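Structural characterization, general
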Amino acid sequence: MEEQTRDGGVVSAGAWKGLPTVLTVACEGGGSAAVTMESQQIQVAEFTVDCPAGEAGRESVTLTPGAVEVSFTVGINTSTQNIRWALTVTQPENTTP
């Protein structure tokens, strides 16, 4: 997803419940970003990312297969309006090292 400012999020469909889902959020600007993820109207992830001024903060969560089923939403609530953020949602097919 392209970089955003202020509160926002994303809605998507097409996730496969047979794979793990990785949600990563990066931000910058001095403050924090509260992140929530829902799938099938069930909250599956919630965390906060510290967003330092002048450098990127990043947090990631890996959800087990089945936690995200078909569609999902990710919401970002920033502590200040000048925080810049971006997110990715991936489903790696090969999870062995």
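Before reading on, note that the structure itself is shown above.
What you see is a predicted model; the values in this text were computed from it and never measured.

About the criteria used
Residues numbered from 1 in each chain as written. Predicted model: local features only at pLDDT ≥ 70, side-chain atom pairs only at ≥ 80, totals over all residues. Heavy atoms only, no water. Helix = DSSP H or I, 4+ residues; strand = E, 2+ residues; numbered from the N terminus. Rg over C-alpha atoms; globule rule 2.2 N^0.38 Å. Buried < 20%, exposed > 50% of the residue type's maximum accessible area, 1.4 Å probe, protein only. Contact = heavy atoms within 4.5 Å. Disulfide = S-S within 2.5 Å. Salt bridge = Lys/Arg side-chain N within 4 Å of Asp/Glu carboxyl O. Pairing = 2+ DSSP bridges. Axes fitted to C-alpha atoms, helices over the stretch in contact; angles between N-to-C directions. Polar contact = N/O pair within 3.5 Å; in protein donor to acceptor, adjacent residues only side chain to side chain.

Here we take up the overall build of the protein. For the protein, the count of helices and strands is zero helices and eight strands. Along the protein, helices and strands appear, N-terminal first, in the series β-β-β-β-β-β-β-β. For a compact globule of 97 residues, the expected C-alpha radius of gyration is about 13 Å, and the protein comes in at 13 Å, within 12% of that figure. With respect to the principal axes defined by its C-alpha atoms, the protein has extents near 40 × 30 × 20 Å. Per-residue burial over the protein gives 30% buried out of 97 residues. At a minimum sequence separation of 6, the contacts of the protein that also span at least 24 residues come to 74%.

Overall, the coordinates contain one disulfide when judged by the stated rule. One disulfide in the model links C27 with C51; its S-S distance is 2.0 Å. Note on the C27 and C51 pair: the S-S dihedral is about -85°, so by sign convention the disulfide is left-handed. Of this pair, C27 sits in strand β3 (residues 21–28) while C51 sits in strand β5 (residues 42–51), and the two are 24 residues apart along the sequence. Under the relative-accessibility criterion, C27 is labelled buried at 2%.

A word on the pattern of salt bridges. All told, the structure shown has one salt bridge when counted by the stated rule. R84 is the salt-bridge partner of E28, the closest N and O atoms lying 3.1 Å from each other. Remark: R84 occurs in strand β8 (residues 84–90) and E28 occurs in strand β3; sequence separation between them is 56 residues.

On to the sheet that holds strand β4 (residues 31–39). Taken together, the four strands give an open sheet; going across it, the order is β2-β7-β4-β5, and neighbouring strands pair in antiparallel fashion. The open sheet has two edge strands with one neighbour each: β2 (8–15) and β5. With strand direction ignored, the average angle separating the axes of adjacent strands in the sheet is 15°. Pairing geometry for β4 and β5, over nine bridges, is antiparallel. When the sheet's bridge partners are listed, T36 is paired in β5 with E46.

Time to look at the side chain of S39. Structurally, S39 is set in strand β4. Judged by its relative accessible area of 3%, S39 is buried. Separated by 2.9 Å, the side chain of S39 and the backbone oxygen of S71 make a polar contact. Contact partners of S39, with chain neighbours within four places excluded, come to V44, A67, V68, E69, S71 and F72.

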